[in-house]
Amino acid sequence: MEVRLGSTLLRLMVGDITQQDTEAIVNAANSSLMGGGGVDGAIHRAGGPQILEECKQIVARIGSLPTGQAVMTTGGKLKARFVIHTVGPVWSGGNRGEDELLRNAYYNSLSLAGDKGIRSISFPSISTGAYRFPMERAALIALTTVRDFIREHHFFEEVRFVLFREDDYRVYREAWEKISGETN
Ligand code: ADP
C-alpha cells in the first residue's frame, strides 16, 4: 500500500528490513546495543561486524541507550547506508508509559534521520516481537507518529514500514484506514 502525504511517499509492505534500499533502516534494538534476536540479530548478521563496532563505541561514550532514544551507525554491508538504532518499550500492561515511549522511539528516529539529511527510511514494527507490545495498538501509534511528523517536516521522500508477516501487514493497513478516516 502506498499513500502520498505532501511530498512524502508512505509505504506499507511485507518484507525483510535487512533487504531494503532506503538510505537508512531502523533497528528495534535493546539498550545494550550489543545485538540480540529478531530484527536486531538479522540486521547485525546481514550488515556485518562494523555495525557492532560502532555500537560499542557509542556505548563507551554515552552508556546504554535509554528507551525511546535513537542513535545512528553505518549500514556496513547492507544496501542501506545507515542504521538507526532505537529502543522500544517492553510491554508491561500499558500503564507504564509504554505508548509514549513507543511514540518517542519513532519520533526520535525520524528526527535523527532528518538531522543527518536522510531522505528515505524503513521501519520495522518496533516492540511487537520479543517486547510483546500489542500489534494493533503499536500500529496505531507508529502510523500516527509518522503521519504527524511527515506533516510537520518535509524532508523525507519516502517512509517505509516493512512488516515481517502478512498478518502484521494487515493490522497496519487496517490501522492506517482507521486513522486516515479521522479528520485531517
Ligand atoms: P522488539 O524487541 O522491539 O519487540 P523484535 O525484533 O523481537 O523487536 O520484533 C519486532 C518486529 O520485527 C516483530 O513484529 C517481528 O516479526 C519483526 N521482524 C523480525 N525480523 C524481521 C526482519 N528481518 N524484517 C522486518 N521485521 C522483522
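About the cut-offs
Residues numbered from 1 in each chain as written. Predicted model: local features only at pLDDT ≥ 70, side-chain atom pairs only at ≥ 80, totals over all residues. Heavy atoms only, no water. Near = heavy atom within 4 Å. Polar contact = N/O pair within 3.5 Å; in protein donor to acceptor, adjacent residues only side chain to side chain. Areas by Shrake-Rupley, 256 points an atom, 1.4 Å probe, with all protein chains shown as cover. Helix = DSSP H or I, 4+ residues; strand = E, 2+ residues; numbered from the N terminus. Contact = heavy atoms within 4.5 Å. Buried < 20%, exposed > 50% of the residue type's maximum accessible area, 1.4 Å probe, protein only. Pairing = 2+ DSSP bridges. Right-handed = clockwise from strand over helix to strand, strands pointing away.

- Looking at an unreviewed UniProt entry, the chain carries the name O-acetyl-ADP-ribose deacetylase (Regulator of RNase III), contains Macro domain, with the source organism given as Desulfofundulus thermosubterraneus DSM 16057.

Side note on the site of the ligand
Here is step 1 of the chain: Around the ligand sit 16 residues, and of these Asp16, Val39, Ser127, Gly129 and Ala130 come closest.
Here is step 2 of the chain: Between an oxygen atom of the ligand and a main-chain N or O atom of Val39, the distance comes to 2.8 Å.
Here is step 3 of the chain: Backbone polar atom of Ala130 to an oxygen atom of the ligand: 2.8 Å apart, as the coordinates give it.
Here is step 4 of the chain: For the ligand, whose accessible area on its own is 560 Å², the fraction buried by protein is 89%.

Focus: unusual backbone geometry
Here is step 1 of the chain: One non-glycine residue, Leu33, lies in the positive phi region at around 60°.
Here is step 2 of the chain: A positive phi angle is found at Ser127, which is not glycine, with a value near 75°.
Here is step 3 of the chain: As for its placement among the helices and strands, Ser127 is situated in the loop between strand 6 (120-123) and helix 4 (135-152).

Observations regarding the side chain of Thr128
Here is step 1 of the chain: On the secondary structure map, Thr128 appears in the loop between strand 6 and helix 4.
Here is step 2 of the chain: A distance of 2.8 Å separates the side chain of Thr128 from the side chain of Ser125, its partner in a polar contact.
Here is step 3 of the chain: Non-local contacts of Thr128, meaning those with residues more than four positions away in its chain, are made with Phe133, Pro134, Met135 and Ala138.

Concerning the pairing of strand 6
Here is step 1 of the chain: The two faces of strand 6 match: Ser120 and Ser122 on one face and Ile121 and Phe123 on the other face are all buried.
Here is step 2 of the chain: Relative to strand 6, strand 3 (residues 24-29) runs parallel, the two being bridged by two bridges. Residue pairing across strands places Ala24 opposite Ile121, the latter belonging to strand 6.
Here is step 3 of the chain: Here four bridges tie strand 6 to strand 7 (residues 158-163), and the two strands are oriented parallel to one another. Within strand 7, the residue paired with Ser120 across the bridge is Glu158.
Here is step 4 of the chain: Since strand 6 and strand 7 lie parallel, the crossover through helix 4 that links them has a hand, and here it is right-handed.

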